[in-house]
Amino acid sequence: QVQLVESGGGLVQPGGSLRLSCAASGFTFSSYAMSWYRQAPGKERELVATITSTGAYTNYADSVKGRFTISRDNAKKTVYLQMNSLKPEDTAVYYCKATHVIQYWGQGTQVTVSS
């Protein structure tokens, strides 16, 4: 069955880095655009970054431009989110999403930025 499994979240100090991974199975990963979203407590889920199916194009929310990098490895069926210079306002549950004709969501991974 379709699965998107996020990993790599945790507690990090402001200014630190984390790398999130999202491993896909059960669908043709290389045909899907992949995105990372996040949802902080009491806030709506927001788009963080998107990468096209081939990895040729990426797009970022203004709040993370220059700090976060989305990438993918179609051979490993995995999408990544490298997060640098983390801020307390980056604290959220991070979700990956696969989009083609239909959408699939992962279960999320918690990222907490705090001293």
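Sequence positions are assigned chain by chain, starting from 1 and proceeding in written order. pLDDT decides what is reported in this predicted model: residues at 70 or higher carry local features, side-chain atom pairs at 80 or more are listed and counted, and totals for whole chains, interfaces and linings draw on all residues regardless. Each side-chain value is worked out from all heavy atoms of the structure, with water and hydrogens disregarded.

To continue, consider the sheet that holds strand β7 (residues 68-73). Note: strands within a sheet are paired through backbone hydrogen bonds, in either parallel or antiparallel orientation. What makes two strands pair is DSSP finding at least two bridges between them. Under the scheme used here, helices are H or I runs from DSSP no shorter than 4 residues and strands are E runs no shorter than 2 residues, and both carry numbers assigned from the N terminus. Strand order in this open sheet of four strands is β1-β3-β8-β7, and the pairing throughout is antiparallel. Across the chains shown, the open sheet's two edge strands, defined by having one partner strand only, are β1 (3-7) and β7. Each strand axis lies, on average, 15° off the axis of its neighbour in the sheet, ignoring direction. The pairing of β1 with strand β3 (residues 18-25) spans five bridges and is antiparallel. Paired with Gln3 across the two strands is Ser25, which belongs to β3. Helix axes are fitted to C-alpha atoms over the stretch in contact, other axes to C-alpha atoms as well, and angles between N-to-C directions run from 0 to 180 degrees.

Each Phe, Tyr or Trp ring, with Trp reduced to its six-membered ring, pairs with another whose centre is within 6.5 Å; inter-plane angles below 30 degrees give stacked pairs, above 60 give edge-to-face pairs, and intermediate values give tilted ones. By the definition in use, this model includes six aromatic pairs. Geometrically, the ring pair formed by Tyr95 and Trp105 is edge-to-face, given 6.5 Å between the ring centres and 85° between the ring planes. Taken as a pair, Tyr95 in strand β9 (residues 92-99) and Trp105 in strand β10 (residues 103-105) lie far apart in primary sequence, ten residues in all. Here's how the labels work: a residue is buried when its accessible area is under 20% of the maximum for its type, exposed when over 50%, partly exposed in between, all with a 1.4 Å probe on protein chains only. By relative accessible area, Tyr95 is classed as buried at 13%. Of the aromatic side chains, those joined through ring pairs into one cluster are Phe27, Phe29, Tyr32 and Tyr104. When the ring centre of Tyr80 is taken as origin, the NZ or CZ atom of Arg19, which lies over that ring, is 4.0 Å away. A positively charged side chain is recorded as over a ring if its NZ (Lys) or CZ (Arg) lies within 6 Å of the ring centre. The angle to the ring normal must also be within 35 degrees. Taking NZ or CZ as reference, Arg45 lies 4.7 Å from the ring centre of Trp105, over its face.

Here we take up the pattern of salt bridges. Whenever Lys or Arg places a side-chain nitrogen within 4 Å of a carboxyl oxygen from Asp or Glu, that contact is recorded as a salt bridge. Summed over the entire model, instances satisfying the criterion amount to four salt bridges. For the salt bridge of Glu46 with Arg38, the shortest nitrogen-to-oxygen distance reads 2.6 Å. Accessibility expressed as a relative area gives 35% for Glu46, which makes it partly exposed. Relative accessible area serves as the criterion here: at 6%, Arg38 is assigned to the buried category. When the shortest N-O distance is used, the salt bridge between Arg38 and Asp90 registers 2.9 Å. Linking Arg38 in strand β4 (residues 33-39) with Asp90 in the loop between β8 (78-83) and β9, this pair joins segments that are 52 residues apart in sequence. Through salt bridges with shared partners, a single network forms among Arg38, Glu46, Arg67 and Asp90.

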